[in-house]
Amino acid sequence: MQESLEEQDLSLESTTPRAATPLAIHMQGIHKRFGAVAANADVELQVAAGTVHGIVGENGAGKSTLMSILYGFYQADSGTIEVQGQRVVIRNADDAIAQGIGMVHQHFMLVDTLTALENVMLGAEPHWLLHKADALVRSKLDALMQATGLQVQLDALVADLPVGDRQRLEILKALYRGAKILILDEPTAVLTPQETEHLFKVLRVLRSQGTTILLITHKLKEVMGLCDNVTVMRGGRVVQELPIAQASVEGLAEAMVGRKVQMGRLDAEVRAAGDTLLSVRDVLVKDALNVVRLHGLNLDLRAGEIVGVAGVSGNGQSELLDVLSGLLTPDAGTLTLGSRTFDATQWLDPQLARELGLAHVPEDRHARAMVMDFVAWESAVLGYDSLPEYSRGGWMSHTGMRKATAALMERFDVRPRDPELKSSKFSGGNQQKLVLARELGQAPKVLLVGQPTRGVDIGAIEFIYSQLRIMRDAGCAVLVVSSELDEILALSDRVIVMNQGRVTGELAIKDCTEAGIGLLMTGGPQ
Amino acid sequence: MNANYTLPRWADLVLLPAVCLAVALLAAAGVVALVGQEPSEVLSVLVQGAFGSQRGISYTLYYATTFIFTGLAVAVAFHGGLFNIGGEGQAILGGLGTGLVALWLSNSLPAWAMLPLMLLSGALFGAAWATVPAYLQAYRGSHVVITTIMFNFIASSLLVYLLVNVLRPAGSMSVESAAFAASAKLPGMHEALAAVGVEWDASPLNLSLVLALLASLAVYVFLWRTQAGYRLRAVGSSQSAAEYAGINVRHQIVIAMAISGALAGMVGMNEIAGVNGKLLLEFVSGAGFTGIAVALMGRNHPVGIIFASVLFGALFQGGAEVAFEVPGFSREMVVMLQGFIVLFSGAMVYVIAPMLAWVLSKVLKSGVQHG
């Protein structure tokens, strides 16, 4: 989380004084340091009661730290907090709850093996006899669900609930404990577009009932669609605070990054794709429980073309990437890469894939793309350790690896440019740049990219997009799997849409509309 | 942001273990005082016993040699992401391998051929013994912690069976093999030093100390300088990343355990070839488990393991002196002291480290202000 905190001269624009509206939260002069890093520097936050207030900023801008201070995870080094006009000290989450502050974390804090109802009352059982507690909580929750439209099956095990339901349950849990102020940390990161829509509907209802909502996000469209006011943070400081009527996506993005950013599609020209470099036919994948994950999938990747795979997460995209990169051997099907053809009895393996010019930027950066305990130059050769500049006859060349890593960092603007830093110490965006640098470094013919910008700052997103386009223009066949539709539309020349392990549509970019793809993502016209 | 304390590297490597050790000694001193002894006297006898004479130093290093082997064994497995609790059994099997080849060939082979053969055989036996749990873990999913513990029992029973029923010379009443011929004796340190003109008291300390130091160097080079070591560490830190890199995780598990077992198996060179000159019971006597503490304290790094081994060797040797010299101070008190050291340098490190970081930050800050 250690971002470079250089200050750019984008001055505090408008701290609109809001006159009469009472403030639900007023944080003043908040300072918080972690070692040498000022995570929050003189932060002021005013949230009017009964509004939805967005807090946006890149990773490391200090928004999570600020919320952690409000919720009592951290103590500010200095500064004051007022809740509903009262000066308070919040030492821990219990204090926060007592002040009517509830938080829904990005990673849900639920016990999978308990039911929804049991999760709500866990730690707040109103009676020592469980069946009485159960009845008390149930009647209260029923009323709450009725009033807010947050419907959850109370007797289902959390493990069986879809992600959207789990989130609703988290919100219910906070409301049950008397939250008047609700903090939501990146609530839509795990939701489908439909679930997001539903969530926003609920949040609007809650707002109309007087609940104050703090929304931490990096999705500016959502801020524009839902919030009343927005605070932009950068480098631990508030750089902008304004009513939504005065805000625009472009303006907010610029304030977040500190310079102009170009996110959308650069050109709409139709380009001629080249030879087919990789193709799969009739790929069938079953998981350990014998559930079919890919139903006889066919796909061709051609030189000089970016193919985007759209779909709600968990509809076979991950399996597709694993099959194409050799990590997963399918139950049936064939794969042709260059001049070699593989079938299910003798599938491609990741090492061979690299030798044949196939590079893979995996979806899960933490689990797959890097060894987080390794220093940067060790992670920067992962999978390529047999290259002659890295090792000879089984002996690793430390100087070779360090030099190569320094060069990769330079080329891909990885910050800090320190090959000796542990991989886990880089921010998400810089980790991703290092992984891209490694995978693009050997000039692959085929490039598979999963979630190219997940957890990546806007500034880095722009850079990553430009690198992928450069690869395409150089004749590489690129496959991009992303759960962000905007990303697919910004990058792809051709889009395929997946639903439940099948391709439900294949469209040239000029034929793509958000609504059309959205429909295909849910299974297509019936 | 989870790490809300950070220690400078020098403090992490030097100051922190020293502070942990000091805290352990303080706690032990408290207990010593409780039973009515003078802590400072006990400590001085302990240090005197461990380092005060040639004989004391020799014994300390002799114990340390065994701990280096078992500590390295734990460390290599740890870097491969495996917790090898089976050092004890692998050391027993290693000693068996060393001893069997000596019984078989020591009458016909000269020392220059015999000793390398014994080393190789011990390492192979240890490696083979570790490979079985490794295979079960890699291909069948049986956890090595469980299987290696069980293999310790099997190993010790196997040794008893072989000594009682097979290797015991006819008519002998003691449970041990026949003595090896002279060619199977690893020279003592005093003999080696005498050859270069240095006088040193006779002791069990033998040339396997040199072997242990070479093994430490080899482990360092292997883990951090070779491709095989890189891949082993990759698997140890993140199996899914290793898979992605095209590394065969199952092979690496077997390789890591085999190397680990081979290192534990070299204990036989110290105890069997260096000291006893015959196979007998109880020659490992818990060193396999002490190796876990040693690796823990040495942060799984060969240099740390050497220092931790010397510390534990000193505790063994000095502790024996204390039990002998100080009336009313039993052997169990020494075990307690070892327990404190394991507790504070292993389990309590994460309690002590943030406190130390806090103190350091205060000290450094005030230094800046005054300077």
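These numbers were taken from a predicted model, which means no experiment stands behind them. Here the residue numbers are simple positions, counted from 1 along each chain's written sequence. Going through the entries in the order they are written, you letter the chains from A and number the ligands from 1. Totals for whole chains, interfaces and linings use all residues, but because this is a predicted model, local features are given only for residues with pLDDT of at least 70 and pairs of side-chain atoms are given and counted only at 80 or more.

Caption draft 1: Local environment of the overall build of chain A. Think of it this way: any DSSP run of H or I at least four residues long counts as a helix, any run of E at least two long counts as a strand, and we number them from the N terminus. Looking only at helices and strands, chain A features 17 helices and 22 strands. In this setup the radius of gyration rests on C-alpha atoms only. A globule is expected at 2.2 Å times the number of residues raised to 0.38. For 526 residues, the compact-globule formula gives about 24 Å, and the C-alpha radius of gyration of chain A, at 25 Å, lands near that figure. Across its three principal axes, chain A shows a C-alpha extent of roughly 70 × 50 × 45 Å. Neighbour density around each residue's C-beta defines its exposure: 20 or more other C-beta atoms within 10 Å make it buried, 12 or fewer make it exposed, and counts between make it partly exposed, where C-beta atoms are placed from the backbone. For chain A, buried positions account for 45% of its 526 residues. Contacts are defined on C-beta atoms placed from the backbone: any two residues whose C-beta positions lie within 7 Å are in contact. Taking all contacts inside chain A whose residues are at least 6 apart in sequence as the whole, residues at least 24 apart take part in 67%.

Caption draft 2: Here's a closer look at the overall build of chain B. Looking only at helices and strands, chain B features 16 helices and 0 strands. The C-alpha radius of gyration computed for chain B amounts to 22 Å, which stays within 12% of the reference 21 Å derived for 371 residues, consistent with globular compactness. Its C-alpha atoms give chain B principal-axis dimensions of about 75 × 60 × 40 Å. For chain B, with 371 residues in total, the buried portion stands at 50%. Looking at chain B alone, contacts between residues at least 24 apart form 76% of all its contacts between residues at least 6 apart.

Caption draft 3: Structural context of the interface of chain A and chain B. Contacts between the two partners involve 24 residues from chain A and, on the opposite side, 17 residues from chain B. Breaking the side of chain A that touches chain B down by element, the ones donating at least two residues are helix 10 (350-355), helix 11 (365-369) and strand 18 (395-396) of chain A. Residues are grouped as follows: nonpolar covers Ala, Val, Leu, Ile, Met, Phe, Trp, Tyr, Cys and Pro; charged covers Asp, Glu, Lys and Arg; every other residue, Gly included, is treated as polar. A class-by-class count of the residues in the side of chain A that touches chain B yields 14 nonpolar, 5 polar and 5 charged.

Caption draft 4: Region of the structure containing helix 4 (residues 87-105) of chain B. A helix's residues, less one, multiplied by 1.5 Å, set its expected span. Between its terminal C-alpha atoms helix 4 of chain B stretches 27 Å, which fits the 27 Å expected from 19 residues at 1.5 Å a residue. With 16 of its 19 residues buried, helix 4 of chain B lies for the most part within the structure.

Caption draft 5: Main features of the environment of A:Glu170. Residue and element names in this part refer to chain A. With respect to the secondary-structure elements, Glu 170 resides in helix 5 (residues 163-176). Take Glu 170: there are 23 C-beta atoms within 10 Å of it, and that puts it in the buried class. Taking the C-alpha atoms as reference points, Glu 170 and Met 103, 67 residues apart in sequence, are found 8.4 Å from one another. With sequence-adjacent residues up to four places away left out, Glu 170 is seen in contact with Val 104, Phe 108 and Leu 110.

Caption draft 6: Examining the domain arrangement of chain A more closely. Residue and element names in this part refer to chain A. Examined at the domain level, chain A breaks down into domain 1 (23-257), domain 2 (262-357 + 444-526) and domain 3 (371-441). Note: domain ranges come from an automatic or database domain assignment. When each unit is reduced to the centre of its C-alpha atoms, the spacing between domain 1 and domain 2 is 35 Å. Facing the 7 residues of domain 1 at the interface are 7 residues of domain 2. Of all the elements, helix 8 (residues 249-257) adds the most residues to the side of domain 1 that touches domain 2, at 3 residues. Broken down by class, the residue content of the side of domain 1 that touches domain 2 amounts to 4 nonpolar, 2 polar and 1 charged.

Caption draft 7: Focus on the sheet that holds strand 8 (residues 212-217) of chain A. Residue and element names in this part refer to chain A. Strands sit in the order 6-7-8-3-9-10 across an open sheet of 6 strands; the sheet is mixed. The open sheet has two edge strands with one neighbour each: strand 6 (101-104) and strand 10 (237-243). The average angle at which neighbouring strand axes cross in this sheet is 20°, direction not considered. Direction of pairing for strand 3 (residues 52-56) relative to strand 9 (residues 229-234): parallel, over a ladder of 4 bridges. Its bridge partner lying in strand 9, Ile 55 is registered against Thr 231. Running over the sheet, helix 1 (residues 63-70) touches strand 3, strand 6, strand 7 (181-185), strand 8 and strand 9 and is turned about 145° from strand 7. In the packing of helix 8 onto the sheet, the strands contacted are strand 3, strand 9 and strand 10, and the crossing angle to strand 9 comes to about 30°. Strand pairing is defined by DSSP finding a minimum of two bridges between the two strands. Axes here refer to lines fitted to C-alpha atoms; in helices the fit is confined to the stretch in contact. Angles between the N-to-C directions go from 0 to 180 degrees.

Caption draft 8: Highlighting the packing of helix 13 (residues 287-297) of chain B against helix 14 (residues 302-325) of chain B. All names here are of chain B. Contact geometry of helix 13 with helix 14 gives a least axis separation of 8 Å together with a crossing angle of 130°. Between helix 13 and helix 14, the interaxial angle falls into the category oblique. The handedness of the crossing between helix 13 and helix 14 is right-handed. Within the contact between the two elements, helix 13 uses Thr 290, Val 294, Ala 295 and Met 297 and helix 14 uses Ile 305, Ala 308, Ser 309 and Phe 312. Residues of the contact of helix 13 with helix 14, tallied by class, amount to 6 nonpolar, 2 polar and no charged. Should an angle fall under 35 degrees it is called roughly parallel, over 145 degrees roughly antiparallel, and 65 to 115 degrees roughly perpendicular, with every other angle called oblique. By convention the crossing between two helices is left-handed if the near helix lies anticlockwise of the far one by an angle smaller than a right angle, and right-handed if it lies clockwise.

Caption draft 9: Representation of unusual backbone geometry in the model. Residue A:Pro416 is bonded to the preceding A:Arg415 through a cis peptide linkage, with omega at -10°. Positionally, A:Pro416 belongs in the loop between helix 13 (398-411) and helix 14 (428-440). If you check the backbone angles, A:Glu186 has positive phi at about 45° while not being a glycine. Residue placement: A:Glu186 occurs in the loop between strand 7 and helix 6 (193-208). Located in the positive-phi region is B:Ser285, a residue other than glycine, with phi close to 35°.

Caption draft 10: Representation of the confidence of the model for chain B. All names here are of chain B. The predictor's confidence in any single residue is recorded as pLDDT, a number from 0 to 100. Per-residue pLDDT for chain B averages 90, and the proportion of residues at 70 or more is 96%. Element-level pLDDT for chain B is lowest in helix 16 (residues 349-370), with a mean of 75, against a maximum mean of 97 in helix 11 (residues 249-265). Here the prediction assigns the complex a pTM of 0.80, and the interface score ipTM is 0.83.

Caption draft 11: Geometry of the packing of helix 1 (residues 9-34) of chain B against helix 15 (residues 331-347) of chain B. Residues and elements named next belong to chain B. Orientation of helix 1 relative to helix 15, taken along the N-to-C sense of each, is 140°, at an axis distance of 8 Å. Helix 1 and helix 15 meet at a crossing whose hand is right-handed. The residues of helix 15 that touch helix 1, namely those facing Pro 17, Cys 20, Leu 21, Val 23, Ala 24, Ala 27, Ala 28 and Val 31, are Met 336, Leu 337, Phe 340, Ile 341, Phe 344 and Ser 345. Its residues placed into classes, the contact of helix 1 with helix 15 shows 13 nonpolar, 1 polar and no charged.

Caption draft 12: Fine view of the sheet that holds strand 4 (residues 78-83) of chain A. All names here are of chain A. The antiparallel open sheet is built from 4 strands, whose spatial order is 2-1-4-5. Looking at strand neighbours, the two that pair on one side only are strand 2 (37-48) and strand 5 (86-88), the edges of this open sheet. Taken pair by pair, the neighbouring strands of this sheet meet at an average axis angle of 25°, ignoring direction. Examined bridge by bridge, strand 1 (residues 23-34) and strand 2 share 8 bridges and lie antiparallel to one another. Bridging from a neighbouring strand, Phe 34 pairs with Val 37 of strand 2. Taken strand by strand, helix 1 contacts strand 1, strand 2 and strand 4, and its axis lies near 115° from that of strand 1.

Caption draft 13: Seen up close, helix 1 of chain A. Residues and elements named next belong to chain A. By the criterion of burial, helix 1 is predominantly enclosed, with 8 of the 8 residues buried. Every buried residue of helix 1 is listed here: Lys 63, Ser 64, Thr 65, Leu 66, Met 67, Ser 68, Ile 69 and Leu 70. A positive phi of about 90° marks Gly 72, the residue just after helix 1.

Caption draft 14: The arrangement of the confidence of the model for chain A in detail. Of the residues in chain A, 93% reach a pLDDT of 70 or more, and the chain-wide mean stands at 87. Confidence drops under a pLDDT of 50 for residues 1-19 of chain A, and excluding neighbours within four residues, the segment shows 28 contacts in the predicted structure.

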